[in-house]
Amino acid sequence: MLEVKGVCKTFDKTTEVLKGIDLKINKGDVTAILGPSGSGKTTLLRCINFLEHADAGTMIFDGQTYDMHSISRGDIAKIRRKTAFVFQNYNLFLNKTVLQNVTLGLISGRKMPKGEAEDAAVRALTRVGMADKLSSYPQQLSGGQQQRVAIARGLAANPEIIYFDEPTSALDPELIGEVLNVMRRLADEGMTMLVVTHEMEFARNVSSQVLFMDRGSVIEAAPSREFFSNPKEERTRSFIRSILTKGGTEHAEN
């Protein structure tokens, strides 16, 4: 469904953030990207969604091959119509209601008729348990509720794959569970997801495969159970030990 090969990214001509990353995702996969601060996790995700411009790399998406460095705006738009991106900090419009936040992209970006967009929005908000907040504004919601609205915004577009960038990192500890529960339900429904996360229990119990990055390289990639029960690389083993010592999470920026 999605494969990237040889993704490279350098900032300021000297800081090599991604050093030839390969990643393959099949339909229905939940792929967790783990790694310490500065490993390049978020940069990889942003390059895959073209929020950052890769210096090199090839993408194969839905059977089509694209040069990630020279891809056209038209091809980026075509790919994005089939994907959704959930940010760390929700990115909701504070002056718009929950319903308006979810319908805005459908109406203005995808030219969907307003009634059809509202129907799609209500279905998506129902899936994340926010159908009773249609007329609320973001400042009236908890962080967990705002993130669920952000997830609904992505779902409403009926994407083939959803990218999550540390979706719980901005939340108070007591609100993390409600967002992870929504993501677990989506995984159970067969949604394809690529998740940059510090939540080890999610990576262990929900994801189907794990990609572990450090210093811009993939150190180890494996099915989730194998990754946690029998890591091959010493760097992987030391990372897992350090995270488990901290209580199961890695709260780090990228």
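Fair warning: this is a prediction, and the values are worked out from it, not measured in the lab.

How each quantity is defined
Residues numbered from 1 in each chain as written. Predicted model: local features only at pLDDT ≥ 70, side-chain atom pairs only at ≥ 80, totals over all residues. Heavy atoms only, no water. Helix = DSSP H or I, 4+ residues; strand = E, 2+ residues; numbered from the N terminus. Expected span 1.5 Å × (residues − 1). Buried < 20%, exposed > 50% of the residue type's maximum accessible area, 1.4 Å probe, protein only. Arc of directions from axis to C-beta. Contact = heavy atoms within 4.5 Å. Pairing = 2+ DSSP bridges. Axes fitted to C-alpha atoms, helices over the stretch in contact; angles between N-to-C directions. pLDDT = per-residue confidence, 0-100. Phe/Tyr/Trp six-rings, centres within 6.5 Å; stacked < 30°, edge-to-face > 60°. Parallel < 35°, antiparallel > 145°, perpendicular 65-115°, else oblique. Left-handed = near helix turned anticlockwise from the far one by under 90°.

Helix length check: helix 4 (residues 114–127) (14 residues) gives 20 Å between terminal C-alpha atoms against 20 Å at 1.5 Å per residue, within 8%. Regarding helix 4, the residues found buried are Ala 117, Ala 120, Ala 121, Ala 124 and Leu 125. With its buried residues spanning 130° around the axis, helix 4 presents them on a single face. Looking at the buried positions of helix 4, the neighbouring elements they touch are helix 3 (98–109) and helix 5 (143–156). A positive backbone phi angle near 75° is found at Gly 129, which sits one or two residues after helix 4.

The next point concerns the pairing of strand 3 (residues 30–34). Counting buried positions along strand 3 yields five of five residues, so the element is predominantly enclosed. As paired elements, strand 3 and strand 9 (residues 209–214) share four bridges and run parallel to each other. The residue of strand 9 that forms the bridge with Leu 34 is Phe 212.

Another point: the sheet that holds strand 7 (residues 161–165). Strand order across the open sheet formed by six strands is 6-7-8-3-9-10, with mixed pairing between neighbours. Of all the strands in the sheet, just strand 6 (83–86) and strand 10 (217–223) have a single pairing partner and so form its edges. Going from strand to strand, the sheet's axes swing by 15° on average, the running direction of each strand aside. The strands that helix 6 (residues 173–188) touches are strand 3, strand 7 and strand 8 (192–196); relative to strand 8, the one it contacts most, it runs at about 145°.

Turning to its location among the elements, Leu 155 is positioned in helix 5. In this structure, the C-alpha to C-alpha distance between Leu 155 and Pro 36, residues 119 residues apart in sequence, is 29 Å. Other than its neighbours up to four places away in sequence, Leu 155 contacts Ala 124, Arg 127, Val 128, Ile 162, Leu 186 and Met 191.

A word on the confidence of the model for the chain. Detailed reading of the predicted coordinates is not advisable wherever pLDDT is low. On average, residues of the chain score 94 in pLDDT, and 96% of them are at 70 or above. Between residues 248–254, whose pLDDT stays under 50, and residues either more than four places distant or in other chains, the model counts 25 contacts.

Before going further, it helps to examine the sheet that holds strand 4 (residues 56–61). Read from one edge to the other, the open sheet built from four strands follows the order 2-1-4-5, with strand pairing classed as antiparallel. Sheet topology places strand 2 (15–25) and strand 5 (64–67) at the edges, where each strand pairs with a single neighbour. The average undirected angle you get between the axes of adjacent strands in this sheet is 15°. As paired strands, strand 1 (residues 2–11) and strand 4 are joined by five bridges and run antiparallel to one another. What sits directly across from Val 4, in strand 4, is Met 59. On the sheet, helix 1 (residues 41–48) packs against strand 1, strand 2 and strand 4 and is oriented at approximately 120° with respect to strand 1.

Quick look at the packing of aromatic side chains now. In total, this model carries five aromatic pairs according to the counting rule given. Centroid distance Phe 212 to Phe 239: 4.7 Å. Interplanar angle 35°. Geometry classified as tilted. Taken together, the positions of Phe 212 in strand 9 and Phe 239 in helix 9 (residues 234–245) put the pair 27 residues apart, joining distant regions of the chain. The burial state of Phe 212 is the same as that of Phe 239; both residues are buried. Within the aromatic cluster, the residues linked to one another by ring pairs are Phe 212, Phe 227, Phe 228 and Phe 239.

A word on the packing of helix 4 against helix 5. The N-to-C vectors of helix 4 and helix 5 enclose an angle of 130°; their axes lie 8 Å apart at closest approach. For the element pair helix 4 / helix 5, the angle class is oblique. In the packing of helix 4 onto helix 5, the handedness of the crossing is right-handed. Contacts between helix 4 and helix 5 involve Ala 120, Ala 121, Ala 124, Leu 125 and Arg 127 on the former and, on the latter, Val 149, Ala 152, Leu 155 and Ala 156.

A few words on the environment of Gly 129. Mapping Gly 129 onto the fold places it in the loop between helix 4 and helix 5. Owing to a relative accessible area of 43%, Gly 129 belongs among the partly exposed residues under this scheme.

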